[in-house]
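Summary of the model geometry
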Amino acid sequence: MLRKVGMMVCVSLVGWAIISGRAPGKGVADRVQHQFGGTSNEMCLECPALPGEPFFWEGMWRELPDFEYLETEGKSSAKIPPLPLQAGSCNWERVVGEGFLTEDLLRGSLRNDYAWGMSTYTDPQGNEWLYVGTLNYGTFQDPGQAQVWRSSTGDAGSWEMVRVLEGCSGVRGMATYAGLLWLGTLNAIIPEVDPDGCEIWATDGTEWVLANEPGFGVSAMSTRGITVYRGGLYADAGQKADYTSAEVFKYTGLVMEGDLDSINPAFWQSVASEGSVWIDPVNSIGVMEEFRGDLYVGTWSRGVVPSISSELGCDVYRYRGEEDVWERVTANGFGDPANAGVLSSAVFQDHLYLGVSGMFNLETALTADGADIWRTSNGDDWEAVTTNGNPGGSEPRNGNRYMWQMTVFDDYLLVGTYNFFRGCVIYGSKTGDPYSFLQVNIDGMEPGRNKVPVFSPQVQPPLPQYFYLNEQYGARTFTTFEDQLYLGTATWAYHADLIWRWLLQENGGEILDFPHSFYVGCEIWRLDHLPPVVTGLRADPEDERVELHWCPYREPGFDLAGYNVYRREKPGSPYERVASLLDTNGYTDLSLTNFLSYYYAVTAENTDGIETYYSEAVAVVPGIPQETFWVYPNPFQPNDYDVNTGTWEEGITFEFINYPGTHQVKVYTLAGELVAETQDADWMDEGGRLIWQWDARNENGDRVASGLYLYLATCGAGEQRSGKIVIIR
């Protein structure tokens, strides 16, 4: 049966009015009760304005667009026409809508707030499945129950619910171990409802077994993640009643391949906890990610909802499995206590990337810095990819409060955010470098998703008196299944209501119990591929100009309108478009400054305004001799905070331009003692420019003292350059 469904939602959260109605399949109430200024009145649902208060109700009604769902033997799907593509976006397809909505599971499905856990699994019979576990919070009076859904194809209409986990609010972590799928839960946070705590379940696709003692025997309420490291299964346990003392547990029993009966729930051992490993209090474990043979663990310094004040930020610990040693590698929120927790991780192009939460405060929601991304190539030295919530540029994207999920797909690093103003935002980068990310989705996954109004006379500007929050506000999970990328969203529902309770209480607002989860649900979207790029970009320097050439772009189905040329004068700074919709694969950039570095990238754009990602960048210096060697800045004086004399982050640059072959640089003291030397892997190739950035440290990793140093540079042809460097600290 194919059926049309429509709904209308209007919600106020601070002190005032709540209007609800048209829950599909539940009938439409003629009148609803609402509150305003402490009084109680009745009002017809169809009434466009509250008498005496037109300023509040004017424009507040938002009719949700009709959608269709297909009922076939308990299976469901949202049948959504393809979205019109917009610049910077990709052709995402929705395969599940409104919390796996079905008529017989209507209320429970709409309370599937998050697609919280997602994983692929091949069962013992060789069948491949895509599994999704939900957050189904319910209300304080009527707790929800987590659901587990799966599909063999990922297509709309192919999903079936295979498990309801009684007493569990949500399924978070998933991993395959010993031929079984293991799932970790968040259990109800109300002790009267579930005093025991989080659970680990294992399944072979047919049968299910409880694989731990609930709460691991320490009353932990949540398992955020499960991972396999060096042949062992690890799970975290956090969110205890005291909001501290999270632990990491390892399964120590022997599990026979695909054999549920061989699991012993008692065989879990704590391998990290407060007093044994954690230096500062840890509320939860955000991520566990293997990198270069070690396990990296990112923490939450406080609860799921960041409080308005905190002295501590998140930490990152490293576990060296071969040596059975734990060590803290960065602390205090990467130097900013507002970074409450590590939320996401990915390994991409020999770097470990971590996504961090930003401090949230109702008064500063539109002005405070957004969430961070940090990366490291060795686990010890960390570089900020973004600290303003916007990995795509220098302008802050304040609404991005979490860098909530990361993955690698189609040779891109993808980052999905939590942003309830704009809706979830997904960024992609071919390099992972600062400012290199482009948005690859439409805010909130489609236009018109800002349907949850909030009105607050207590809160002063810059927050407006009333505004709309986006329904699909979080990119919560990613996974790859059958060579396609799948995204699970988080929606504005009871879990988010709980956050607002705390925030509004801090601001003196009246807290009303209204579960949005009766009206919206999570969704699953998928993507075949991300945009390919223009290739073969070459830059030829001439006097005060640069000649650019690249290969023609011939992507099937891409109706080329022209090429766009971008330029910047410093790595990491935002690009400026200098030419648009060129009809040839070449361009001459005129009126440039000789002996100044320029960086170029090219995109292709089609007739619908869709633009590819940047090509690989090239660097060029007009007006220079054919072969040039530079050392800069010299003198190097980073402590005067002048970028012209260097920064500790960038160090001292040794640059060969248009020299063939391999290169080596050695740095000596005046006494002839070797201070530093290059290896082949140290050089960065920037299209004719070979660069080594020396961090002004010796071979022991210590910053060198002030003074005069000598260098000897040798190019591949054997030609040598020598000189002096002055370092002033």
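Below, the structure is looked at part by part.

Considerations on the pattern of salt bridges
In total, this model carries 23 salt bridges according to the counting rule given. Asp315 is the partner of Arg328 in a salt bridge, and the nearest nitrogen-oxygen pair spans 3.0 Å. Highlighted residues: Arg328 in strand 25 (residues 325-330) and Asp315 in the loop between strand 23 (294-300) and strand 24 (316-320), separated in sequence by 13 residues. On the basis of relative accessible area, Arg328 is assigned to the partly exposed category, the value being 29%. Accessibility expressed as a relative area gives 2% for Asp315, which makes it buried. Residues Asp380 and Arg318 are paired through a salt bridge, measuring 2.9 Å at the closest nitrogen-oxygen approach. Note that Asp380 is positioned in the loop between strand 28 (373-376) and strand 29 (382-386) and Arg318 in strand 24, a separation of 62 residues in sequence. Accessibility expressed as a relative area gives 45% for Asp380, which makes it partly exposed. One continuous salt-bridge network, built from bridges that share partners, spans Asp294, Arg318, Arg320, Glu327 and Asp380.

Looking at the side chain of Thr603
Its place among the elements puts Thr603 in strand 44 (residues 598-606). Only 2.7 Å separates the side chain of Thr603 from the side chain of Glu611, close enough to count as a polar contact. Those residues in contact with Thr603, other than ones at most four positions away along the chain, are Val534, Gly562, Tyr563, Asn564, Tyr566, Glu611, Thr612, Tyr613 and Tyr614.

As for unusual backbone geometry
Residue Pro633 follows Tyr632 across a cis peptide bond; omega there is -10°. Mapped onto the elements, Pro633 comes out in the loop between strand 46 (628-632) and strand 47 (652-657). Residue Asn634 is joined to Pro635 through a cis peptide bond whose omega torsion reads 15°. Mapped onto the elements of the fold, Pro635 is located in the loop between strand 46 and strand 47.

Considering the environment of Ser152
Here Ser152 lies in the loop between strand 12 (146-151) and strand 13 (160-165). Taking the C-alpha atoms as reference points, Ser152 and Leu130, separated by 22 residues in sequence, lie 6.3 Å from one another. Contacts of Ser152, omitting those with residues within four sequence positions, involve Glu128, Trp129, Phe481 and Glu482.

A look at the environment of Gln472
Examined against the element boundaries, Gln472 turns out to sit in strand 36 (residues 472-481). Along the primary structure Gln472 and Gly488 are separated by 16 residues, whereas in three dimensions their C-alpha atoms are 9.9 Å apart. For Gln472, the residues in contact, after removing those within four places along its chain, are Gly423, Cys424, Gly444, Arg449, Thr489, Ala490, Thr491, Gly521, Cys522 and Glu523. Among the polar contacts listed, one links the side chain of Gln472 to the side chain of Glu471, at a separation of 3.1 Å.

Observations regarding the environment of Gln349
Residue placement: Gln349 occurs in the loop between strand 26 (342-348) and strand 27 (351-356). Looking at Gln349, the relative accessible area reads 47%, which means it is partly exposed. Considering only alpha carbons, one finds Gln349 and Leu413, 64 residues apart in sequence, at a separation of 9.1 Å. With residues up to four places along the chain from it excluded, the contact list for Gln349 reads Lys430 and Thr431. Among the polar contacts listed, one links the side chain of Gln349 to the backbone oxygen of Lys430, at a separation of 2.9 Å.

Some thoughts on the side chain of Gln472
The exposure class assigned to Gln472 is buried, which follows from its relative accessible area of 0%. There is a polar contact of 2.5 Å between the side chain of Gln472 and the side chain of Thr489. Reaching out from Gln472, the side chain makes a polar contact with the backbone oxygen of Gly521 at a distance of 2.9 Å.

A word on the pairing of strand 20 (residues 247-251)
By the criterion of burial, strand 20 is predominantly enclosed, with 4 of the 5 residues buried. Inspection of the sheet shows strand 19 (residues 232-237) paired to strand 20 by 4 bridges, in the antiparallel sense. The residue bridging Ala235 from the neighbouring strand is Phe249, located in strand 20.

Details of the sheet that holds strand 42 (residues 576-582)
Each strand in a sheet pairs with another by means of backbone hydrogen bonds, the pair being arranged parallel or else antiparallel. Strand order in the open sheet formed by 4 strands is 42-41-44-45, with antiparallel pairing between adjacent strands. Only two strands of the sheet have a single partner each, and these edge strands are strand 42 and strand 45 (618-620). Strand-to-strand, the axes of this sheet are offset by a mean angle of 25°, without reference to chain direction. As paired strands, strand 41 (residues 560-568) and strand 42 are joined by 4 bridges and run antiparallel to one another.

Reading the values: the criteria
Residues numbered from 1 in each chain as written. Predicted model: local features only at pLDDT ≥ 70, side-chain atom pairs only at ≥ 80, totals over all residues. Heavy atoms only, no water. Salt bridge = Lys/Arg side-chain N within 4 Å of Asp/Glu carboxyl O. Helix = DSSP H or I, 4+ residues; strand = E, 2+ residues; numbered from the N terminus. Buried < 20%, exposed > 50% of the residue type's maximum accessible area, 1.4 Å probe, protein only. Polar contact = N/O pair within 3.5 Å; in protein donor to acceptor, adjacent residues only side chain to side chain. Contact = heavy atoms within 4.5 Å. Pairing = 2+ DSSP bridges. Axes fitted to C-alpha atoms, helices over the stretch in contact; angles between N-to-C directions.

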